[in-house]
Every structure is written in C-alpha cells, then in structure tokens.
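Results of the structural survey
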Amino acid sequence: MKIFPCDSRRLLQFFSLLCIWISVAFAGSAEARGVSGLSTEYPVALSVQIDPATITDADLNEIRAAGFEFVRFGARPPLKSINPGLIDYPRLIKRVKNAKLEAIVTLFGGNAIWGQNPEDLHAGSRRASLFSDFATNFMKANSADVAVWEIWNEPDYKTFLKPELLSNFESASSELCSNMARQKVQPNIVVGFGFATLPFVGGKVPAQLENAFVSAAKADCLTDISIHPYRPVPETALADYAKLRAQLDQRQLQKTGIVISEWGYASYLPVRNQSTQASLVFREYLINAAADIKLLNLYAWRDRGRSSFSKEDNFGIMSNAGEKKEAFSALTEFLKIAKHSKKVSYQDTKGVNQLVLKRDNALLHVVWTQNSEQPVSIPAAEGKKCTRVDFFPQMRSGSCGPRTDGGFSAKATTYPVLLSISD
C-alpha cells in the first residue's frame, strides 16, 4: 500500500478551515436560540392558557383547529401544599403534542419559592437548591416535547412570591442557571420571569428581580423576557414595548426578545360585555403584530366559573359551560385570513390604527380606533379589487363599495374591520 507524504501546510489550512466551520456552526446554533427563531404560520404565534386539571383532549383538538399553535400552563413540584391534584405533567405534555400543539411550561414552586408549609423544607435543605433541582430535572426530562420554558410567574406579585424572599429568589435564579450549565440543559427558548408589571420602566418592579433577570440573560440561561401587559386598552402597549426594548439594549441585552406570556380581558358585568371583550382581545393580537412580537399567550381558554359579575371567573374565550364567546369567533375567523401573512406596516394616524399584512398577492388592511368612529381611506391602484370583512358581531364579507379618492373608504370603529386589496 502506497503512503502519500503529508503536506503540512495544506494540513494546517484544512484544520484552520475546519475550526472556522465549527465556530460558524456553533455561532449559528447560538443565534437560533430565543424567540426570534420561533417558527409560526401567523404574524404572531398565538397561545392560550389552559387549566392542567380540567383540559380535555377535545379541548386541545379544538384549540389547534382554531389556529392556536401553543398552550401555556404551569408546572409545580410534587408537593400537596401547592399541587394538591398531583398533576401528571409528562402525560399532559404528551397529550398537547398529540394534538399537534406546542407547550409553554411555566415552572414555579409556590410563593415561598419551594412549597408552602414548613415541612416542605426538610432538614438541611435550601429553598433555592430545591427549586433549582426541580426546574432543571423537569426541563431535562421533558426537553424533547416542550417548545418554550418559562421560569416563574409574576414574582413581583405576592401571590407568587413573598416580598420578603426577593433575595432568596435571586439565589434561586442564580443556582438554577449554574445547575442548567453544569448539567448541559440548554433549551432553545427559556423566558422569565413572567413579570406582572413592566420591569426596568417606572420603578415598580423590585430591583432584586430586575438584577436576577439581567444576570440570567447575560449568562445565556434566559433567552428572552416574558411580561404580562394588562391594561385598559391594548394600544398603549406599543409605547411600553419601545421603552422596555430600549432598557434591554442599554443593558447589553440586544438579543433578548420580548414574549407576552399572559394577557387577556374578562367579560364581566357591569364592566365589560362579551362584545367589548372580543374587541379588546382582537386588538390585543393586532397590536402585538404591529410591534413585531413573536409570541402571545392569551388568558384564557375557558371561564373559571359561572358568575357573571366576577372578573377572575370570566377571562375565557369560551364560557365555563363550553360555549364559544364572541372573542373566540372574531379572533379565530381572523386567523383563517391572516394565516401565512406577514406584517408590512403599522401606523396610528389621528387615532386611526392601520395594520397592513401581505398574503400572496393581497394586502390586508386592518383598521380600527380606540374610541370614536372615524373615516379612513385605503389607497388602491386602478383595477384592484377590494373585499371588506367584518368580524363583529359575526363574520361577514362583501364589496368595499365604489372607489373614492384613489382607493376605498371605510369607517373605523373600536371593532376592527379588514379591507383586502388584490388583483
């Protein structure tokens, strides 16, 4: 057998190129982490909050058929003080997968970080270590079937974290990141902390929580920030998103995306009827599309109770009895039209909001206001067709009417309408 002499210079070039290729490949995979790499069929990937204890397979199939791509639910440690039903989470995750949905799983251990009762913290153990072990092991065991992991839920709200334990939370977050690195647990999307109030803006979120987030994000432990921007009207979220983005950039967190892991509107008397809820939920989706938010979780799938006067009982887009509310119908009919479309532009002109999406050869103009009715003109070249779609109180479509002033006109109200301009 003939042995060819080794050309050391060529060998060195080969290994240099190999090293460059490997570094580029790893850099590419690192770039892919985070919500920016999320794949979706819609302008904004839509999730809905479910109750792990009551969700049925029929519910999951209906959620997917309606256009939702994700469902969100919380996973708690196997402690009766905070998980009395002892939910079989791995089985639930598999059921979600079987329905062709993706899971957003929020990991938290109770408002004392670990458990609720003194006996939950056994001798010699620390809250931080117990939570870190639970979260890391849960992620490791279910990593193949969960698309998005969220660490904690509203730690700036005492229901989920006792205010006197803020420093303990910092330790728990730090230990979790160290534990994940040590065990090489690095999911593509890990968000935190599900802030109830906008962090880094306004000074309402405790500094310990903000510091914990920045440390975790810089350690590449958290890929994105998750917030819950509840507010009277959706449109005010745009300015807050811009403020938050600027603050993240200022902290050298340019790659950190923004995820809306919980936001909804309740229909409860005498404050808000189902029609108003539907308008606000629809506009909530449109505003997130306008802001280029990649993932929105809507709160919630089904009403928690049957009282018409209870706010907390009525956040669902389905009634407690399983009837579709107006918010369900309007949003899901819009998703059928918006599927495979991309945002082109958004503008707010004198109180008239206009979001433009492109799908194939059609431009989809969605127009609405925050309060009073206002006229709006949609430009369209000669020979273009215009189809108007109304979603309230139920979906109907028809002609936009005759051309006027180089396009088509409509009246914008708090109930969005869509004008599709096509060849």
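Residue positions are counted from 1 within each chain, in the order its sequence is given. With pLDDT at 70 or above as the cut-off, local features in this predicted model cover only qualifying residues; side-chain atom pairs require 80 or more to be listed or tallied, and sums for whole chains, interfaces and linings still use all residues. Note that water and hydrogens are dropped before the side-chain values are worked out from all heavy atoms of the structure.

1. Considering the state of the cysteines
Criterion for a disulfide: a pair of cysteine sulfur atoms at a distance within 2.5 Å. Tallying each qualifying case throughout the model produces two disulfides. Across the disulfide, Cys177 is cross-linked to Cys221 (sulfur-sulfur distance 2.4 Å). Negative torsions about the S-S bond denote left-handed disulfides, and the value of about -85° found for Cys177 with Cys221 makes this one left-handed. Here Cys177 is found in helix α5 (residues 166-182), whereas its partner Cys221 is found in the loop between α6 (207-218) and β6 (224-227), with 44 residues between them in sequence. Taking the relative accessible area as the measure of exposure, Cys221 reaches 6% and is therefore buried. In this description a helix means any DSSP run of H or I spanning at least four residues, a strand means any run of E spanning at least two, and both kinds are numbered starting from the N terminus. Exposure classes here rest on a 1.4 Å probe applied to the protein chains alone. A residue is buried below 20% of its type maximum, exposed above 50%, and partly exposed in between.

2. Re the nonpolar core
Among soluble globular proteins, nonpolar side chains are generally buried collectively. If you look at the biggest cluster of nonpolar residues, it comprises 107 residues, and the most contacted ones within it are Val105, Leu107, Phe213 and Phe334. Among the elements that line this core, the one with the most residues is helix α8 (residues 274-290), at nine residues. Contacts are assigned to residue pairs with any non-hydrogen atoms lying within 4.5 Å of each other. Residues within four places of Phe213 in sequence aside, it is in contact with Gly192, Phe193, Phe195, Phe200, Leu222, Asp224, Ile225, Leu248, Leu253 and Thr256. Buried Ala, Val, Leu, Ile, Met, Phe, Trp, Tyr and Cys residues that are joined via side-chain atoms within 4.5 Å together make up what is termed a nonpolar core. In this structure, Cys386, Ala410, Ala412 and Leu419 belong to the second largest nonpolar core, which totals 13 residues.

3. Digging into the environment of Ser422
Mapped onto the secondary structure, Ser422 falls in strand β16 (residues 417-422). Taking the C-alpha atoms as reference points, Ser422 and Asp360, 62 residues apart in sequence, are found 9.2 Å from one another. Each residue touching Ser422, except ones within four places of it in the same chain, is listed here: Asn361, Ala362, Lys384 and Lys385.

4. Notes on the layout of surface pockets
Once rolled over the atoms, a probe with the size of a water molecule shows which space is left empty. Two kinds of site are reported from a 1 Å grid over the protein atoms alone, namely cavities, where a 1.4 Å probe fits but cannot get out, and pockets, open sets with protein on both sides within 12 Å along at least five of seven lines, and residues are called lining when an atom falls within 4 Å of a point. Grid points are joined across faces, edges and corners, and a volume is the space filled by probe spheres set on the points. Approximately 1,300 Å³ is the volume attributed to the largest pocket. Gln49, Glu262, Tyr299, Arg304 and Glu312 are, among the 46 residues lining the largest pocket, the residues nearest its centre. In terms of residue count, strand β2 (residues 70-75) provides more of the lining of the largest pocket than any other element does, three residues in total. In this structure, the second largest pocket occupies an estimated 490 Å³ of space. Along the wall of the second largest pocket there are 26 residues; nearest its centre are Asp224, Gln254, Lys255, Thr256 and Gly257. Residue assignment for the lining of the second largest pocket shows that the elements contributing at least two residues are α1 (8-32), α7 (237-250) and β7 (257-263). At four residues, α7 tops the list of elements feeding residues into the lining of the second largest pocket.

5. Quick word on the sheet that holds strand β14 (residues 396-399)
What the six strands build is an open sheet, ordered β9-β10-β11-β16-β13-β14; its pairing is antiparallel. Two strands in the sheet have a free side with no partner beyond their single neighbour: β9 (342-349) and β14. Neighbouring strand axes in the sheet, compared pairwise and without regard to direction, differ in orientation by 20° on average. Only the stretch in contact is used when fitting a helix axis, every axis being a line fitted to C-alpha atoms; angles between N-to-C directions are given from 0 to 180 degrees. Those strands touched by helix α9 (residues 326-338) are β10 (352-359), β11 (362-369), β13 (385-390) and β16, and its axis lies near 45° from that of β10. A pair of strands is considered paired only if DSSP assigns at least 2 bridges between the two.

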